[in-house]
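Listed below, chain by chain, are the residues.
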Amino acid sequence: MTRTDQLRARLQQRVLVGDGATGTQLQALGLAPGECGLRWNVEAPDRVRQVHQRYLDAGADLLTTNTFSGTTLALAAYGLDGQADALNRAGAALAREVAGARAFVLGDIGPFGGLLEPLGETPPEVAAAAFRRQAAALLAGGADALLVETMSDPAEAQLAIAAARDAGAACVVATFTFQHSPSGLRTMMGSDVATALRAAADADVVGANCGTELSLDDYAQLAAELVAHAGGRPVIVQPNAGSPVVEAGRVVYRTDPAEFGRAAARFTAAGVRIVGGCCGTGPAHIAALAAAVKPR
Amino acid sequence: MTTLELLAQAVAAGKAKDAKALTQRALDEAIAPTEIVDRTLVPAMTEVGDKFKRSEIFVPEMLIAARAMKEAMELIDPRLAAAGITPKYTAVIGTVQGDLHDIGKNLVATMWRGANFRVIDLGANVPPAKFVAAIQEHRPHLAGLSALLTTTMPAMAETVRAIRANAGVPVKIMIGGAPITQQFCDEIGADGFAPDAGSAVDKARALVESVP
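Reading guide: rules and limits
- Residues numbered from 1 in each chain as written.
- Chains lettered and ligands numbered in written order.
- Predicted model: local features only at pLDDT ≥ 70, side-chain atom pairs only at ≥ 80, totals over all residues.
- Helix = DSSP H or I, 4+ residues; strand = E, 2+ residues; numbered from the N terminus.
- Rg over C-alpha atoms; globule rule 2.2 N^0.38 Å.
- Buried ≥ 20, exposed ≤ 12 C-beta atoms within 10 Å, placed from the backbone.
- Contact = placed C-beta atoms within 7 Å.
- Nonpolar A, V, L, I, M, F, W, Y, C, P; charged D, E, K, R; others polar.
- Pairing = 2+ DSSP bridges.
- Right-handed = clockwise from strand over helix to strand, strands pointing away.
- Expected span 1.5 Å × (residues − 1).
- Axes fitted to C-alpha atoms, helices over the stretch in contact; angles between N-to-C directions.
- Parallel < 35°, antiparallel > 145°, perpendicular 65-115°, else oblique.
- Left-handed = near helix turned anticlockwise from the far one by under 90°.
- pLDDT = per-residue confidence, 0-100.

1. Things to note about the overall build of chain A
- For chain A, the count of helices and strands is twelve helices and twelve strands.
- At 17 Å, chain A has a C-alpha radius of gyration in line with the 19 Å of a compact globule built from 296 residues.
- With respect to the principal axes defined by its C-alpha atoms, chain A has extents near 50 × 45 × 40 Å.
- Across the 296 residues of chain A, 59% fall into the buried class.
- By sequence separation, contacts in chain A at least 24 residues apart represent 78% of the contacts at least 6 residues apart.

2. Notes on unusual backbone geometry
- Following Glu117 of chain A, the chain continues to Pro118 of chain A via a peptide bond in cis, the omega torsion being 5°.
- With respect to the helices and strands, the residue Pro118 of chain A is situated in the loop between strand E3 (104-109) and helix H7 (124-140).
- Even without being a glycine, Ala30 of chain B presents a positive backbone phi close to 65°.
- Along the chain, Ala30 of chain B turns up in the loop between helix H2 (16-28) and helix H3 (33-53).
- Not every positive phi belongs to a glycine, and Arg139 of chain B is a case in point at roughly 45°.

3. Quick notes on the interface of chain B and chain A
- On the side of chain A, 19 residues touch chain B, which itself brings 23 residues to the contact.
- Secondary-structure elements contributing two or more residues to the side of chain B that touches chain A are helix H4 (59-82), helix H7 (153-166) and helix H8 (182-188) of chain B.
- A per-class count over the side of chain B that touches chain A returns twelve nonpolar, eight polar and three charged.

4. Remarks on the pairing of E3 of chain A
Residues and elements named next belong to chain A.
- For E3, a buried count of six out of six residues is recorded, marking the element as mostly surrounded by other parts of the structure.
- As judged from the three bridges shared by strand E2 (residues 62-64) and E3, these two strands associate in the parallel manner. For Leu63, the partnering residue across the bridge sits in E3 and is Val105.
- Viewed along the sheet, the connection from E3 through H7 into strand E4 (residues 145-151) turns out right-handed.

5. Things to note about helix H4 (residues 45-58) of chain A
Residue and element names in this part refer to chain A.
- Spanning 14 residues, H4 covers 20 Å between terminal C-alpha atoms, matching the ideal 20 Å at 1.5 Å per step.
- Buried-residue contacts for H4 involve helix H2 (23-28), helix H3 (40-43), E2, helix H6 (84-99) and helix H12 (283-293).
- Just past H4, the residue Gly59 takes up positive phi, approximately 115°.

6. Details of the sheet that holds E4 of chain A
- Spatial ordering of the open sheet is given by E1-E12-E9-E8-E5-E4-E3-E2 (chain A), a layout of eight strands whose pairing is parallel. Each edge of the sheet is formed by a strand with only one pairing partner; in this case those strands are strand E1 (16-17) and E2 of chain A.

7. Overview of the packing of helix H10 (residues 216-229) of chain A against helix H11 (residues 257-269) of chain A
Residues and elements named next belong to chain A.
- At a minimum axis separation of 9 Å, H10 and H11 run at an interaxial angle of 15°. It follows that H10 is roughly parallel to H11 by the angle criterion. For H10 against H11, the interelement crossing comes out right-handed. In this structure, H10 contributes Leu216, Tyr219, Ala220 and Ala223 to the contact, and H11 contributes Ala263, Arg266 and Phe267.
- Residues of the contact of H10 with H11, tallied by class, amount to six nonpolar, no polar and one charged.

8. Section: the confidence of the model for chain B
- A residue-level look at chain B finds 100% of positions with pLDDT of 70 or above and a mean pLDDT of 94.
- Here the predicted complex carries an ipTM of 0.82, next to a pTM of 0.91.

So, in structure tokens, the structure goes:
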């Protein structure tokens, strides 16, 4: 039984716990704002391992690789596109090393950073090649499944999921980012939950992460919509720790771990199978979440 | 319907080829380029921005309309330039230092161009000193600062401080981006905040027109 098969089997047995934000944890360890976090997969691997270890210790069943902006297209902004393969492979290997037999590794693929033709300047085949290359490097580094996340454009999500499959991913998780609109929750590109999930027809697990001005109550509503439209596939949600506010010049997320844990229990009651965290969440949020949803 | 009415419809519907052909027809009918811009293209894009603001349309529809406007302007710009006519207001815009996200900033730049502002786009990851230098060089009425990451909001505060202290030009400063709020705007002393690219046009107009 491959580890990916084990992941599928575990998902049938019980609710799984994802991890929390990576970037803010790396910044707490000294990564400068605006510095490329992927660089640390090679240059400061101990600190990336430390972040994974904290989440594992908090009770995460899934560790997400530090490779969010890891397509050649996104890395080009830092002049690091030439190192894409090495940075992604190292990122997956670090998470795999920490996870051992205790957790599964999700190879993280975020948006490529631009807009696809005809709306934007990037030809679909160029984006597809970039996603495929990242996916292959993540799998080579030991990712057990690939996570296509924070998607707004259904066309981009579809491309990334297909690229993950082409690269050989046996399990693909796809999540979209929603915001409020007068006609309900939609992505920035205007897709409602049903439309977004149709674009993710080829993903094994579907759901939502991050979001603009979404409270945990909004996420409970979103969770119910996702479950209703997932066609029986497992649903994942990874919300922010509420919306950020500014206190004395510092940006803070006010949702405390206990509140996050209580919300997680609501999501799983609505049928969600994986709960993790996005912006503003840390190991304490994941610990509270694990305590709330994991059987003892 | 008149040529200009058809042109307004073509732009609002994002029909770039029609917009181009109708602009040519309007010019052939000897309609003044300034009239095409002020009475047709700008109001058409304002309507698009209003619909976006009300979430009746989304980013794709807005971008397609902006592209239609751009096609029209490519025919009009040379004539305006030949007549020595420049837009009344100038803006510089950029994403602040440490932040590489430019989709939101690009949308606002597009909508400001649609409102007939001259827009100088400084790109992403723009250090405070580069904003200051661009403001000194172009003497804009408006400076737009964008941030998507909560971690780069402090860089926005720093940029506002640098502009106020060093630019030596009375420029209005507008900020925006997913995590930005009016509260943050007040706290860092920016002049205005807009929650989306449609509202950013109204706010920009209000700010530049508030200067006597």
